[in-house]
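Here is what each chain is made of, one letter per residue.
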Amino acid sequence: MPSSDLIIRPATSADAALLPQVERRAGENFRQWPGLEWIAEDEVTSETRHLEMIAGGLVLLSTQSDGQISGFASTEMLGNAMHLWQIAVEPDHQGQGIGSALIARCRTEAMARSAKALTLTTFRDVPWNGPWYRRLGFAILATSDLTPELRKILEQEAEAGLTDRCAMSLRL
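Residues numbered from 1 in each chain as written. Predicted model: local features only at pLDDT ≥ 70, side-chain atom pairs only at ≥ 80, totals over all residues. Heavy atoms only, no water.

K.L.:
Looking at this structure, how should I read the state of the cysteines?
P.N.:
A covalent bond between the sulfur atoms of two cysteines is referred to as a disulfide. Taken as a whole and judged by the stated rule, the model has 0 disulfides. Considering cysteine sulfurs only, cysteine 166 is the nearest to cysteine 106, which forms no disulfide, with 17 Å between them. (Disulfide = S-S within 2.5 Å.)

This is the structure in structure tokens:
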């Protein structure tokens, strides 16, 4: 359960420079997963892309009462679904329900935008990926159920060397 001093708010352009650092630190978890250690060293989302997402999509920040960023979620509408591009929680704040709180807020925001689903792509078996999302109510989509947008994202991820990926959806 997140602490009572957790604040979730939309990100502003002033926040964009901090988000790649949060993503980099959160990515350190991949060092413990055989075969995916390279992700901890891989590129993270650029400040420029974060600015684009803030301007045209929805980026939510979780902060503590002192204003320190503890995590973020980046989304945008793709067709009739809100797509979660990235969620990252600072290592010192993981396991405290912050990611779940961000997903809950994404769900609320998606419904406010009349989205039919909240979608994402993720590693199927990495514990803090596919299994975690399943616990939050997401379901793995069969290939036949993929939207053209999700199919394209999975293809691009495969070209970038990301394997064992799946698309998931939380129906709203």
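Still to come is the rest of the account.
K.L.:
Can you walk me through the pairing of strand S4 (residues 81–89) in this structure?
P.N.:
Regular strands place side chains that alternate from one sheet face to the opposite one. Of all 9 residues making up S4, 7 are buried, and the element is well covered by its neighbours. Here strand S3 (residues 69–78) runs beside S4; their pairing, made up of 8 bridges, is antiparallel. Residue pairing for S4: glycine 71 is matched across the bridge by valine 89. Joining the antiparallel neighbours S3 and S4 is a turn of 2 residues, in which glycine 79 adopts a positive phi near 65 degrees. Across 4 bridges, the pairing between S4 and strand S5 (residues 117–123) is parallel. The partner of histidine 83 across the bridge, within S5, is threonine 119. For the crossover from S4 across helix H3 (residues 98–112) to S5, the handedness is right-handed. (Buried < 20%, exposed > 50% of the residue type's maximum accessible area, 1.4 Å probe, protein only. Helix = DSSP H or I, 4+ residues; strand = E, 2+ residues; numbered from the N terminus. Pairing = 2+ DSSP bridges. Right-handed = clockwise from strand over helix to strand, strands pointing away.)

K.L.:
What should I look at first to understand the packing of aromatic side chains in this one?
P.N.:
Working definition: an aromatic ring pair is given by the centre-to-centre distance plus the angle between the planes. Applying the stated criterion to the full structure yields 5 aromatic pairs. Seen from their ring centres, phenylalanine 30 and tryptophan 128 are 5.3 Å apart, and the 65 degrees between their planes marks the pair as edge-to-face. Within this pair, whereas phenylalanine 30 is found in the loop between helix H1 (19–26) and helix H2 (47–56), its partner tryptophan 128 is found in the loop between S5 and helix H4 (130–135), the two being separated by 98 residues in sequence. Judged by its relative accessible area of 10%, phenylalanine 30 falls in the buried class. Centroid distance tryptophan 132 to tyrosine 133: 4.9 Å. Interplanar angle 65 degrees. Geometry classified as edge-to-face. Three or more aromatic residues link up through ring pairs in this structure, and these residues are Phe30, Trp33, Phe123 and Trp128. Over the aromatic face of phenylalanine 123 sits the side chain of arginine 165, whose NZ or CZ is 4.5 Å from the ring centroid. (Phe/Tyr/Trp six-rings, centres within 6.5 Å; stacked < 30°, edge-to-face > 60°. Lys NZ or Arg CZ within 6 Å of the ring centre and 35° of its normal.)

K.L.:
Where do I start with the nonpolar core in this structure?
P.N.:
Side chains of nonpolar character tend, in soluble globular proteins, to be buried together. By size, the foremost hydrophobic cluster in this structure holds 24 residues, and its most contacted members are Leu84, Ile87, Leu102, Ile103, Leu118, Tyr133 and Phe138. Per element, the largest residue contribution to this core is 6 residues, and it comes from H3. The contacts of leucine 102, once residues within four sequence positions are left out, are Ile8, Leu60, Leu61, Ser62, Gly71, Phe72, Ala73 and Ile87. Counting residues in hydrophobic clusters, the runner-up holds 12 residues, among them Ala16, Val22, Val59 and Phe72. (Core = buried A, V, L, I, M, F, W, Y, C linked by side-chain atoms within 4.5 Å. Contact = heavy atoms within 4.5 Å.)

K.L.:
Where do I start with H2 in this structure?
P.N.:
An α-helical segment advances 3.6 residues per turn. Residues three or four places apart therefore align on the same side. Among all positions in H2, only His50, Met53 and Ile54 are buried. The buried residues of H2 occupy an angular sector of 100 degrees when the element is viewed end-on, so they sit on one face. Opposite its buried face, H2 presents the exposed residues Thr48, Ala55 and Gly56, each directed more than 90 degrees away. Along its buried surface, H2 packs onto H1, strand S2 (58–63), S3 and S4. (Arc of directions from axis to C-beta.)

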